[in-house]
Amino acid sequence: MSDQSADLRETVRERYAAAAVQVTEGGTACCGPQAVKIDDNFGSTLYAADERDALPAEAVAASLGCGNPTAVADLHEGERVLDLGSGGGIDVLLSARRVGATGEAYGLDMTEEMLALALANQKKAGATNVEFLKGTIEAIPLPSNTIDVVISNCVINLSTDKPAVFAEMFRVLAPGGRIGISDVVADDELTPAQRAQRGDYVGCIAGALSFAEYRAGLTAAGFSSIELTPTHAVADGMHSATVRAVKPAHVPRAALLHTPSGESGAGSCCGGSDHGTEGL
C-alpha cells in the first residue's frame, strides 16, 4: 500500500471512529443518542419509518450512508448476507430481520469503535443470526463461495483499491450470488480532478468512480447483469446510485479458487465536510 493510500485509510478510520464515539456518548444523555450532523442526501432519513422504529436508536443515529441497500438487494428468507462497511449495524440488523432465523447476516468493519457500537446494537436488538467481523473490504475474512448477497452503503467509493474490492466481492459470493449496493457515482464526463473539486475523499465524493468506471470494474471482476441506477444528486454531477450485479452460476474453477490479496480498508460513508460518517 502506498503512503498516500495508507494516509487516506487512516483519515477514514479516524473520521468514522469519531462518529461512533459521538453516537455512543449521545446515548448516555437523558434524551437519547443524537445523530451525527448530515444532510438529507445521507443518513437514516433514506430508510422507511417502520424500519427505523424497529431498531435501536443508536443504530439509526449512526446510519450515514447514501441509500438503503437492504431494499436494493431484495433479501429472502434463509440467505447469507455480508455488509461491507457495516458501521453501527443498521443494514446488518435490517438484513437479519429479512433473512430470518435460517439466514445469517455478517457485518465487516475496520473501525474498533464502530464494531463496539454495532455489537451493542446487536445485543439491544436481540439479533442472534448476526456476526460482526473486523477487517477490510479489500481482504474479506470469509471463505470463498459462502455468501448469497453482498450489500454496502456508500463505502466502496472510499476504497483506494476498488479492483480488489470487486474481486473480493466476487470471490466470497457463491455462484449465482448477487450484490445490492448503494454508492456515490459520478457522471462519466467528470474527471477525477473535477470530482475532487466537489468534495473531499472522506466525504465520499473525491474517490467516487464514474458510471462507466464502475461498470468496467465489475465486469473485469467477472460480474454479469450489471445495473447502475442514479437515485438522487449529492453534488453537481455526483449521484447516490443503486448498483446490482450477479456472479454467474457457472464460474471457471480458477475464479472459484481465487484467494484474497488486498490490504487496504475503507469506511462507510457519510458526506463531505458537512456530513457525518458511517465507518468500516
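Keep in mind the model is a prediction, meaning the values are calculated, not measured.

Thresholds applied
Residues numbered from 1 in each chain as written. Predicted model: local features only at pLDDT ≥ 70, side-chain atom pairs only at ≥ 80, totals over all residues. Heavy atoms only, no water. Phe/Tyr/Trp six-rings, centres within 6.5 Å; stacked < 30°, edge-to-face > 60°. Helix = DSSP H or I, 4+ residues; strand = E, 2+ residues; numbered from the N terminus. Buried < 20%, exposed > 50% of the residue type's maximum accessible area, 1.4 Å probe, protein only. Core = buried A, V, L, I, M, F, W, Y, C linked by side-chain atoms within 4.5 Å. Contact = heavy atoms within 4.5 Å. Pairing = 2+ DSSP bridges. Axes fitted to C-alpha atoms, helices over the stretch in contact; angles between N-to-C directions. Arc of directions from axis to C-beta. Expected span 1.5 Å × (residues − 1). Right-handed = clockwise from strand over helix to strand, strands pointing away. Parallel < 35°, antiparallel > 145°, perpendicular 65-115°, else oblique. Left-handed = near helix turned anticlockwise from the far one by under 90°. Nonpolar A, V, L, I, M, F, W, Y, C, P; charged D, E, K, R; others polar.

A. Layout of the packing of aromatic side chains. Applying the stated rule across the entire model yields two aromatic pairs. Judged by centre distance (5.5 Å) and plane angle (45°), the ring pair of Phe166 and Tyr214 falls under tilted. In this pair, Phe166 sits in helix α7 (residues 162–172) while Tyr214 sits in helix α9 (residues 211–221), placing the two residues 48 residues apart along the sequence. On the numbers, 5.2 Å between centres and 90° between planes, the contact of Phe170 with Phe223 is edge-to-face. With a gap of 53 residues between them, Phe170 in helix α7 and Phe223 in the loop between α9 and β6 (224–235) connect regions that are remote in the sequence. Taking relative accessible area as the criterion, Phe170 reaches 6% and is therefore assigned buried. For Phe223, a relative accessible area of 4% gives the class buried.

B. Seen up close, the nonpolar core. Counting residues in hydrophobic clusters, the biggest one holds 31 residues, and the most contacted among them are Leu82, Met169, Ile179, Tyr214 and Leu218. Looking at this core, the element that brings in the most residues is α7, giving five residues. Apart from residues no more than four positions distant in its own chain, Met169 is found in contact with Leu84, Ile140, Val150, Ile156, Ile179, Ile181, Leu218 and Phe223. Within the second largest apolar cluster, eleven residues are counted, among which are Ala186, Leu190, Tyr201 and Met238.

C. Layout of the sheet that holds strand β2 (residues 104–109). As summarised here, the arrangement of the seven strands in space is β3-β2-β1-β4-β5-β7-β6, forming an open sheet in which the pairing is mixed. Because the sheet does not close on itself, it has two edges, and the strands there are β3 (130–134) and β6. Averaged over all adjacent pairs, the angle separating strand axes in this sheet is 15°, with direction ignored. Relative to strand β7 (residues 238–246), strand β5 (residues 173–186) runs antiparallel, the two sharing nine bridges. When the bridges of β7 are listed, Ile179 appears paired with Ala245. Of the strands in this sheet, β2 and β3 touch helix α6 (residues 112–125), which is tilted by about 170° from β3.

D. Just the side chain of Ser159, in detail. Among the secondary structure elements, Ser159 is positioned in the loop between β4 (147–153) and α7. In this structure Ser159 comes out as buried when scored by relative accessible area, which is 0%.

E. Geometry of α9. Taken together, the buried positions of α9 are Phe211, Tyr214, Gly217 and Leu218. The arc that holds every buried residue of α9, seen down its axis, measures 130°, which confines them to one face. Where α9 is buried, its residues contact α7, β5, β6 and β7. A positive phi of about 115° marks Gly222, the residue just after α9.

F. Main features of α6. Taking 1.5 Å of rise per residue, the 14 residues of α6 would be expected to cover 20 Å, and the 20 Å separating its terminal C-alpha atoms lies within 8% of that figure. Trailing α6 by a residue or two, Gly126 shows a phi angle of about 70°, which is positive.

G. Focus on the pairing of β4. Judged by how many residues are buried, β4 sits mostly within the fold: seven of seven residues are covered. Alignment of strand β1 (residues 80–84) against β4, held across four bridges, turns out to be parallel. Across the sheet, Leu84 pairs through a bridge with Ser152, a residue of β4. As paired strands, β4 and β5 are joined by six bridges and run parallel to one another. Opposite Ile151, over in β5, you have Gly180 as the bridge partner. In this fold, β4 hands off to α7, which returns the chain to β5; that crossover is right-handed.

H. Focus on the packing of α7 against α9. The contact between α7 and α9 brings their axes to 9 Å, and the two run at 45°. By the criterion of interaxial angle, the relationship of α7 to α9 is oblique. The element α7 and its partner α9 pack so that their crossing is right-handed. Together, Phe166, Ala167, Met169 and Phe170 of α7 and Tyr214, Gly217, Leu218 and Ala221 of α9 make up the contact between the two elements. Residue composition of the contact of α7 with α9, by class: seven nonpolar, one polar and no charged.

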